[in-house]
Amino acid sequence: MDVDGMAVAMQTARGGRETLAPARLPLPEPGPDQILVRVHRAAVNFTDERACRTGLNHLSGRVEDLPFLPGGEIAGTRVDTGEAVVALSGSGGFAQYAAVAESAAHPVPAGLDAESALSVFVPGLTAGLLLEVAEPDKGDAVVVSGATGAVGTLLLRLLAARGQRHVVAVASPTVSEQRLRALGATAVLRFDDDLEPALRQAAGDAPIGLVLDSMGGPALEAGVAVLGRHGTLVSYGSSSDVPATVTPRALIPGSRTVTGFWLLDHLDRRERVSGILTDLFRDVLAGEIRPDRPQVFGLPEVQTALAATAERGRTGRVLIDPWRDET
Ligand SMILES: NC(=O)c1ccc[n+]([C@@H]2O[C@H](COP(=O)([O-])OP(=O)(O)OC[C@H]3O[C@@H](n4cnc5c(N)ncnc54)[C@H](OP(=O)(O)O)[C@@H]3O)[C@@H](O)[C@H]2O)c1
């Protein structure tokens, strides 16, 4: 095929985004259960920089060796069949080609471009499956922290679609309340509010049945404190990077639950995963989900792409186009 190999973004020494640089490598050889994907776009997450710094990659579940090729979510074309797919590559996605497990690839319907598919693939799957961990009564209040993010906005939309009457969004001060209400929030709080009393006030008389927390730290602790009887807090991220303390004994009154969620633990539910993706892709094609415009960077700009993911109040995904700077 390509005798000159392919362009990638590669890390050769542990550290921050400055340790990533463009490089050329031979095309990956797919293993027995793998397929080769020509990558059209790869999603960049702020956790990619954490993976570069610590080696711990949440999208592969591995502590990565050096040299490391980040990039866990891709959209592209199967080289063997020409079919459009999205795939959880775990790593190696910031490249023109990636070898991925065939079971990690999902077809993308005709007419849906790679950017739109990536805007809902992992965030939408996460949101859809998160809402199956605990099912609150329709009259309970549900709290969504990190509500402006890709997962948070889709959680608001799904909660509104299922008729949840009280949805409290905890969000960046820079994103308009109007926008969050349009997505389905019935109350909007800001990260810097004194969260525990603010959550109680926002929920009013409704018991807080479910807290979906991606921030960790004080937001998680406030979420546990306000949970109602039989309520559940699901921790699925730690964007604040601040540790939280939860005392099991404090969960006894009210028979409350604190649990975790990791997408990779749910992907063996193939039919459910396919069903959620089919619905998401249909809704994007129908214009019912309108993803915010992404920021797209070439491989030589990989450090700038990582910096863009750290910008607070950002809406829309950050993507790599690995062909952009080809001459
Ligand atoms: N457990 C799983 O399987 C799973 C799957 C997907 C995602 N996640 C996690 O879910 C969280 C949200 O993911 P996403 O795809 O929605 O991310 P995203 O689109 O990049 O949004 C990030 C969200 O986190 C907030 N945030 C708070 N502190 C931040 C910081 N220091 N740096 C960057 N963002 C910060 C942002 O708030 P502002 O609006 O103020 O910027 C924003 O709401 C992440 O923690 C991610 O790791 C977990």
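The rules behind each value
Residues numbered from 1 in each chain as written. Predicted model: local features only at pLDDT ≥ 70, side-chain atom pairs only at ≥ 80, totals over all residues. Heavy atoms only, no water. Helix = DSSP H or I, 4+ residues; strand = E, 2+ residues; numbered from the N terminus. Buried < 20%, exposed > 50% of the residue type's maximum accessible area, 1.4 Å probe, protein only. Contact = heavy atoms within 4.5 Å. Axes fitted to C-alpha atoms, helices over the stretch in contact; angles between N-to-C directions. Parallel < 35°, antiparallel > 145°, perpendicular 65-115°, else oblique. Left-handed = near helix turned anticlockwise from the far one by under 90°. Nonpolar A, V, L, I, M, F, W, Y, C, P; charged D, E, K, R; others polar. Expected span 1.5 Å × (residues − 1). Bend = angle between axes of the 7 residues up to and from the residue. Polar contact = N/O pair within 3.5 Å; in protein donor to acceptor, adjacent residues only side chain to side chain. UniProt positions renumbered as here; feature names shortened; annotations may be inferred.

**Brief notes about the environment of A104**
Counting through the fold element by element, A104 comes out in the loop between β8 (97–101) and β9 (105–107). You can call A104 buried: its relative accessible area is 17%. It is 8.3 Å that separates the C-alpha atoms of A104 and L267, two residues lying 163 residues apart in sequence. Those residues in contact with A104 that sit more than four places away from it in its chain are V86, A87, L88 and R270.

**Comments concerning the packing of helix α5 (residues 195–203) against helix α6 (residues 217–226)**
Working note: a packed helix pair is described by the angle between its axes plus the distance between those axes. At a minimum axis separation of 9 Å, α5 and α6 run at an interaxial angle of 45°. The orientation of α5 with respect to α6, classified from their angle, is oblique. Taken as a pair, α5 and α6 cross one another with a handedness that is right-handed. Where α5 abuts α6, its residues L195, E196, L199 and R200 lie against A219, A222, G223, A225 and V226. Taken together, the residues that form the contact of α5 with α6 break down as six nonpolar, one polar and two charged.

**A short note on helix α2 (residues 114–130)**
Taking 1.5 Å per residue, 17 residues should reach 24 Å; α2 reaches 24 Å between its end C-alpha atoms and fits that length. When the local axis directions of α2 are compared, the greatest deviation, roughly 35°, occurs at G124. Where burial is concerned, most of α2 is hidden: 15 out of the 17 residues are buried. The N-capping residue of α2, defined by a side-chain oxygen 3.1 Å from the backbone nitrogen of E115, is D113.

**Side note on the UniProt feature "domain: Enoyl reductase (ER)" (unreviewed entry) in the protein**
The positions that UniProt labels "domain: Enoyl reductase (ER)" (unreviewed entry) are, in the present scheme, residues 15–320. Here residues 15–320 runs as 29% helix and 25% strand, with 20 Å between its end C-alpha atoms.

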